[in-house]
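Observations on chain architecture
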Amino acid sequence: MAALQRRLAAFAAARDWQRYHTPKNLAAALSVEASELVEIFQWLTPEQSARVMEDEGKAGRVEDEVADVLAYLLQFCEVLGIDALAALSAKIDRNEVRFPVNGAR
């Protein structure tokens, strides 16, 4: 994860894009890319959506949008100094307390 963040930072720096990579802009870009992922599934039935990776054209689009979402999320975390994996682990810990197994069914 850290290596990918460094690679993304180097990519942006080589193009002098860091000035555009503010938390606000990255959050907006992340939202746009997530919406593009949703768009692929918008009119599919639940069954069709479960089989989307069987269609080469759609599979490629899904992978590209997942990559875009992850790239912007990693850049967002880099700019704000967030350890994404630590944040996720802490969130899971809180959810395990908030939603105990015996109360979830």
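Look above for the structure.
What this report covers is the structure whose coordinates are included nearby. For clarity, every value in this text was computed on a predicted model and none was experimentally measured.

Notes on the pattern of salt bridges
- Within the structure shown, the criterion is met by one salt bridge.
- The partner of R19 in a salt bridge is D16, with the nearest N and O atoms 3.5 Å apart.
- Its relative accessible area of 55% is what places R19 among the exposed residues.
- Taking relative accessible area as the criterion, D16 reaches 42% and is therefore assigned partly exposed.

What about the environment of S49?
- Positionally, S49 belongs in helix α3 (residues 46-50).
- Sequence-distant contacts of S49, defined by excluding residues within four places in its chain, comprise F41 and L44.

What counts, and at which threshold
Residues numbered from 1 in each chain as written. Predicted model: local features only at pLDDT ≥ 70, side-chain atom pairs only at ≥ 80, totals over all residues. Heavy atoms only, no water. Salt bridge = Lys/Arg side-chain N within 4 Å of Asp/Glu carboxyl O. Buried < 20%, exposed > 50% of the residue type's maximum accessible area, 1.4 Å probe, protein only. Helix = DSSP H or I, 4+ residues; strand = E, 2+ residues; numbered from the N terminus. Contact = heavy atoms within 4.5 Å.

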